[in-house]
Every structure is written in structure tokens, then in C-alpha cells.
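Listed below, chain by chain, are the residues.
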Amino acid sequence: GLATPPPPGMLAFEEGPDRSLLARVDRGNEEGAPWQAALNHPHGIDVAPGAGRIIIADTDTHCVRELVGPLTVVHTLTGRCGDPKRVDGKRSQARFESPRLPVLVGKVAYVVDGKRRQRVRELRGDKVRTLKAIGEKWLRIDRMRGDGRHLWLIDRGRRLLRVDPRTGRSEL
């Protein structure tokens, strides 16, 4: 066990050979402690510096999950599990359709969304919005990364696009 609690924002692990953050082997959309939480075909994970926050694109439940804090409790950050739609607005009302490839840029999260991976959605504070491409349009996003200022997208496995998420301006 822990002799002393971890510093604020750090994740705690049980001692021993299994250091799984999530321990269930069955699929589902359950929130809770590592032995209770269940995901359904997650496609992507990103970890904040220091590992104090982890976001997961839970693709087949159509929501974005978050693990945060010393007990690594899983909760739904946004989206309504099992309700695939595209709805922007307040985080509690937003809906996703097959989110994947999450990227954390500071406190802001970005995910690729849509069955054809054609949308980039921004989770900033309590709001979710869909970025509108200005300039080079993306068709199907295969990879996404962030550098603190821009998002970098690999589109259809052929093109590398740089996107300014503040303006939506994209270029090759």
C-alpha cells in the first residue's frame, strides 16, 4: 500500500506485478474505479505531462473518457455513451460519433470524430465545438498530434496538414 499519499494530480498504483489503470477485461461503458470501469473499443489515448490526466477516446460508446487524480477514477468527460450524434455546445450536452485519436494541448483536448474521421472537435473548458477547416480541407484523418500551438494531421495517409485550432486555418 501507500505509506504516504501521492502529490496532488499524480496517479497512484497498487504495488505488485499488475499496474493496470483499468483492470476489467469485458467491454462496456461503466465509470468508476479501475476494477469497475469498462471501455468499448477505445481508439486513442493521450497523457498530460506528469501523468496527472489521461483522456481516452472510447470510440464504440461515442464518448470521451478521463482518468484523473490519485485514485484514477474513470468518468465520462463528454458525450452520452451509446448515443452517437454530432452536437456541439456545453460539454454535458455534446454528442460524438466514433471519437478517436485524442490530443491534449495544455488544458484543451482535441479528438477526431465521425465514422469517416472527417471532423476535429475541441473540448475547451465547458464547451465542445467542431473546427471548421479554412484553406486545405481534410478528408479522413489517420493521425493527429499537437505541438502546443498547432495540430498536425495526416490526411488519408498521404498529406501532412498543419492546423491552427484558434482560426481553423490549415495548410500543407
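Everything below is about the structure shown above.
Within each chain, residue numbers correspond to sequence positions counted from 1 in written order. Two thresholds apply to this predicted model, a pLDDT of at least 70 for residue-level local features and 80 or more for giving and counting side-chain atom pairs, whereas whole-chain, interface and lining totals are computed over all residues. As a rule here, side-chain values come from all non-hydrogen atoms in the structure, and water together with hydrogens is ignored.

### Thoughts on the environment of His62
Along the polypeptide, His62 turns up in the loop between strand E2 (53–58) and strand E3 (63–68). In this scheme, a residue with accessible area under 20% of its type's maximum is buried, one over 50% is exposed, and one in between is partly exposed, where area comes from a 1.4 Å probe on protein chains only. Relative accessible area serves as the criterion here: at 8%, His62 is assigned to the buried category. Taking the C-alpha atoms as reference points, His62 and Arg95, separated by 33 residues in sequence, lie 7.5 Å from one another. Residue contacts are defined here by distance: any two heavy atoms, one from each residue, within 4.5 Å place the two residues in contact. If we ignore the near neighbours within four places in the chain, the residues touching His62 are Gly79, Arg80, Gly82, Pro84, Phe96, Glu97, Ser98, Pro99 and Lys115. Counting of polar contacts relies on pairs of N or O atoms within 3.5 Å, with two restrictions inside protein: one atom must be capable of donating a hydrogen and the other of accepting it, and residues adjacent in sequence are counted only when both atoms are side-chain atoms. A distance of 3.1 Å separates a polar side-chain atom of His62 from the backbone nitrogen of Ser98. Only DSSP runs of H or I with at least four residues qualify as helices, and only runs of E with at least two residues qualify as strands; both kinds are numbered from the N terminus onward.

### Observations regarding the packing of aromatic side chains
Stacked, edge-to-face and tilted are the three classes for Phe, Tyr and Trp ring pairs, Trp counted by its six-membered ring, which pair at centre distances within 6.5 Å; planes under 30 degrees apart are stacked, over 60 edge-to-face, the rest tilted. The tally for this structure, following the rule as stated, stands at zero aromatic pairs. The criterion is that NZ of a Lys, or CZ of an Arg, lies within 6 Å of the ring centre and within 35 degrees of the ring normal, and then a charge sits over that ring. The aromatic ring of Phe96 is capped on one face by Arg121, whose charged end is 4.4 Å from the ring centroid.

Note that every value here comes from positions in space, so none of it alone points to a role or purpose.
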